[in-house]
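Overview (structure and organization)
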Amino acid sequence: MRIDGRDYRTIWLDSDGRRVHVIDQTRLPHRFETIALDDLDAAARAIRDMIVRGAPLIGVTGAYGLALAAAADPRDAAILAAYETLLATRPTAVNLRWGLDRVRALLLAAPEAGRAALAYAEAGRIAEEDVACCAAIGDHGAALIHAAAERNPGRPVNILTHCNAGWLATVDWGTALAPIYKAARAGVPVHVWVDETRPRNQGASLTAFELLSEGVPHTVIADNAGGHLMQHGLVDLAIVGTDRTTRSGDVCNKIGTYLKALAAQDNGVPFYVALPSSTIDWRLSDGVRGIPIEERGAREVTHISGRTADGGVAEVQVTPEGSPARNWAFDVTPARYVTGLVTERGVCAASENGLKGLFPDLAG
């Protein structure tokens, strides 16, 4: 995707084929910086501290983290230790385990001397698969936007999204935003309501940054405004992402998604969830009981950072000194509130039968 006239992906290799480069998403939207990941610890820190975030991108970064580890020490014990280190960085997104499992299985079955090269090649394949997958999600989801435009001629299609499920959450294109980019490039008039998504404000900082860079009309709104907009007919459809999807169609996304789904259900607004198949956890049926919900530090709730009048970036405290805070990062939306799942193989019902219909080869 494009930033200041230049095309970027979120993760790429240096010319030496060894160092991994990523966009530092903690600096956006006020500063655009990239950093190099030189070793396992740097990769683990990038995932844990949300320098990279978004389920698909975490999976790719984890795969490259194992490659960095294999380059430093290709022995079994080192590979297994690196796997555990990376797996422990973020508990909710299933793509991390999926990517790590792919690379680990390949390495442990190969001679030590060739493991680093194998790991880099496999991580590269995972990255390319993600790009193709997100492009396909975009095509299938764009058809929903085209249909909405035909139902409402003469005005833009109003789409609400929550958190950031754009290209910054993947390697390229994104999940929930990919249909919007595809539709906009095809000439469909669209307008996006961007939830700010507190406490980390990924909507206000990352989704708005993406849409502005792509020239897609959008408006940032307070998280609590979505229901009001739906009540007044200002939302044609909602599209969000997911960090883990159960075999029954429950979806786990950024905290606040469940409330948007409830408002959509009450107002007859279609509520779609866009996801690659790597986000499906076929082991789980009950998302509310089975998906581990990451709880992050209270400081993300008690403090907020932003651009000052003089162009600097500063952090300020928004709560009284001494007030405790809790910070659950995700919630689960039961399948009954999801209109459809938008995947790389098409759109299906949010149900076990729906997912099995598209992915019979994976469901077993």
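A brief structural summary. Treat the numbers as computed from the prediction; the structure is a model and nothing was measured.

A short note on the overall build of the protein
Secondary structure assignment for the protein yields 13 helices and 18 strands. In summary, the protein has a C-alpha radius of gyration of 20 Å against a globular reference of 21 Å for 364 residues, a match within 12%. The principal-axis extents of the C-alpha atoms in the protein amount to approximately 65 × 55 × 45 Å. Out of the 364 residues belonging to the protein, those deemed buried represent 55%. Across the protein, the fraction of contacts at a sequence separation of at least 24, relative to all contacts at a separation of at least 6, is 73%. When the accessible surface of the protein is totalled, it reaches about 14900 Å², and 51% of it is carbon and sulfur.

Describing unusual backbone geometry
Omega for the bond connecting Leu28 with Pro29 falls within 30 degrees of zero, at 5°, which places this linkage in the cis form. Examined against the element boundaries, Pro29 turns out to sit in the loop between strand S4 (20-23) and strand S5 (34-37). Following Arg198, the chain continues to Pro199 via a peptide bond in cis, the omega torsion being 15°. Structurally, the position occupied by Pro199 is in the loop between strand S7 (190-195) and helix H7 (202-214). Despite not being glycine, Met50 has its phi angle at roughly 65°, a positive value. You will see that Asn201, though not glycine, has its phi angle at about 60°, which is positive.

Side note on the pairing of strand S15 (residues 313-317)
Pairing geometry for strand S14 (residues 303-307) and S15, over 5 bridges, is antiparallel. Within the sheet, the bridge partner assigned to Ser305 lies in S15 and is Glu315. Two successive antiparallel strands, S14 and S15, enclose a turn made up of 5 residues, where Gly311 displays a positive phi of approximately 95°.

Observations concerning the sheet that holds strand S12 (residues 271-274)
Strand order across the open sheet formed by 7 strands is S8-S7-S6-S9-S12-S17-S18, with mixed pairing between neighbours. Lying at the two open borders of the sheet, with one neighbouring strand each, are strand S8 (218-221) and strand S18 (346-348). Adjacent strand axes in the sheet meet at a mean angle of 25° when their direction is disregarded. Pairing of strand S17 (residues 340-343) with S18, which is carried by 3 bridges, proceeds in the antiparallel orientation. Residue pairing across strands places Val342 opposite Val347, the latter belonging to S18. Helix H5 (residues 115-151) contacts strand S6 (157-161), S7, strand S9 (237-240), S12, S17 and S18 of the sheet and is inclined by roughly 135° relative to S17. Lying over the sheet, helix H9 (residues 257-267) contacts S6, S7, S9 and S12, oriented at roughly 145° with respect to S12.

Let's talk about the pattern of salt bridges
Two side chains carrying opposite charge are able to pair once their charged atoms lie near each other. Under the counting rule described, the total for this entry stands at 29 salt bridges. Asp24 is the partner of Arg27 in a salt bridge, and the nearest nitrogen-oxygen pair spans 3.7 Å. Here the salt bridges share partners, and the residues they tie into one network are Arg90, Arg200, Glu294, Arg296 and Glu300.

Considerations on the sheet that holds strand S11 (residues 251-254)
As summarised here, the arrangement of the 4 strands in space is S13-S10-S11-S16, forming an open sheet in which the pairing is mixed. The strands lining the two open edges of the sheet, one partner per strand, are strand S13 (280-281) and strand S16 (330-333). Across 2 bridges, the pairing between strand S10 (residues 244-246) and S11 is antiparallel. Bridge pairing links Thr245 to Val251 in S11. Packed onto the sheet, H9 meets S11 and S16 and runs at close to 30° relative to S16.

Here is what the cut-offs are and how they apply
Residues numbered from 1 in each chain as written. Predicted model: local features only at pLDDT ≥ 70, side-chain atom pairs only at ≥ 80, totals over all residues. Heavy atoms only, no water. Helix = DSSP H or I, 4+ residues; strand = E, 2+ residues; numbered from the N terminus. Rg over C-alpha atoms; globule rule 2.2 N^0.38 Å. Buried < 20%, exposed > 50% of the residue type's maximum accessible area, 1.4 Å probe, protein only. Contact = heavy atoms within 4.5 Å. Areas by Shrake-Rupley, 256 points an atom, 1.4 Å probe, with all protein chains shown as cover. Pairing = 2+ DSSP bridges. Axes fitted to C-alpha atoms, helices over the stretch in contact; angles between N-to-C directions. Salt bridge = Lys/Arg side-chain N within 4 Å of Asp/Glu carboxyl O.

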